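# Chain and residue survey
What follows is each chain in one-letter form.
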Amino acid sequence: MEMIMGVEQNKLERAKKRVDEIKGFYVHLSIYIVINAFVLVNIYLNTDRFWQWPHFVTLFGWGIGLALHASKTFGFNPLFGKKWEERQIQKYIDEDKKKMDKFK
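Residues numbered from 1 in each chain as written. Predicted model: local features only at pLDDT ≥ 70, side-chain atom pairs only at ≥ 80, totals over all residues. Heavy atoms only, no water.

### Here's the deal with the overall build of the protein chain
For clarity, the threshold we go by: Helix numbering and strand numbering both begin at the N terminus, where a helix is a DSSP run of H or I of at least 4 residues and a strand a DSSP run of E of at least 2. In this treatment the radius of gyration is a C-alpha quantity, and the globule benchmark scales as 2.2 Å times the residue count to the 0.38 power. Relative accessibility decides the category of a residue: with a 1.4 Å probe and only protein chains considered, values under 20% of the type maximum give buried, values over 50% give exposed, and everything between is partly exposed. Each accessible area is a Shrake-Rupley result for a 1.4 Å probe, and residues are judged covered by the shown protein chains and nothing else.
Looking only at helices and strands, one finds 3 helices and 0 strands in the protein chain. Helices and strands appear in the protein chain in the N-to-C order α-α-α. Taken over C-alpha atoms, the radius of gyration comes to 24 Å for the protein chain, far larger than the 13 Å a tight globule of 104 residues would show. Seen through its C-alpha atoms, the protein chain measures out along the principal axes to roughly 75 × 50 × 15 Å. Within the protein chain, the proportion of its 104 residues that are buried is 12%. Here the protein chain has roughly 9,300 Å² of accessible surface; of this, 66% comes from carbon and sulfur atoms.

### Comments concerning the packing of aromatic side chains
So the rule is basically this: Stacked, tilted and edge-to-face are the three classes assigned to paired rings of Phe, Tyr and Trp, where Trp is represented by its six-membered ring and a pair needs centres within 6.5 Å; plane angles under 30 degrees give stacked, over 60 edge-to-face, the rest tilted.
Scanning all chains against the criterion turns up 9 aromatic pairs. Judged by centre distance (5.4 Å) and plane angle (85°), the ring pair of Tyr-44 and Phe-50 falls under edge-to-face. Residue classification places Phe-50 among the buried residues on the basis of a relative accessible area of 12%. Three or more aromatic residues joined by ring pairs make a cluster, and in this case those are Tyr-44, Phe-50, Trp-51 and Phe-56.

### Description of the pattern of salt bridges
Note the threshold: Criterion for a salt bridge: a side-chain nitrogen of Lys or Arg within 4 Å of a carboxyl oxygen of Asp or Glu.
Tallying each qualifying case throughout the model produces 2 salt bridges. Here Lys-11 and Glu-8 are joined by a salt bridge, their closest N and O atoms 4.0 Å apart. A residue pair is termed a helical-turn pair when its members lie 3 or 4 positions apart in one helix, as Lys-11 and Glu-8 do in helix H1 (residues 2–46) at 3 residues. Look at Lys-11 and you get partly exposed, because its relative accessible area is 43%. We classify Glu-8 as partly exposed; its relative accessible area is 43%.

### Details of the environment of Glu-13
Secondary-structure assignment places Glu-13 in helix H1. Between the C-alpha atom of Glu-13 and that of Gln-90, which follows or precedes it by 77 residues, the distance is 32 Å.

### Section: helix H2 (residues 57–74)
To keep things clear, this is the line we draw: Here, expected helix span is obtained from the residue count minus one, scaled by 1.5 Å.
Its 18 residues give H2 an end-to-end C-alpha distance of 26 Å, which sits within 8% of 26 Å, the value for a rise of 1.5 Å per residue. Phi turns positive, to about 70°, at Gly-75, one or two residues after H2.

### Looking at the confidence of the model for the protein chain
To keep it simple, the criterion reads: Note: pLDDT gives the predictor's confidence per residue, expressed from 0 to 100.
In the predicted model, the protein chain carries a mean pLDDT of 89, and the fraction of residues at 70 or more is 95%. Within the protein chain, H2 carries the highest mean pLDDT (94), whereas helix H3 (residues 82–102) carries the lowest (86).

Here it is in structure tokens:
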């Protein structure tokens, strides 16, 4: 009975951690939108030349960070995803088999 309760407790802790990660991402996204909207509106109202690269550096730089945060939170990684991991594991298993076959 205690084992079942321990497993359920572990599931609950993982679920809470996952919810906290998702919540953290959405807080990050909200702050990104509010701050960048404020900055861009301020630039638009106080300058005649709005469409210049320096005005958007923060937006793009922070956007890259936000995209990486989303990738980590939602498990999307096109470069090093599950299929890549499986291929790499299989590659090293095959290499080890070849090395072991030399000694047979």
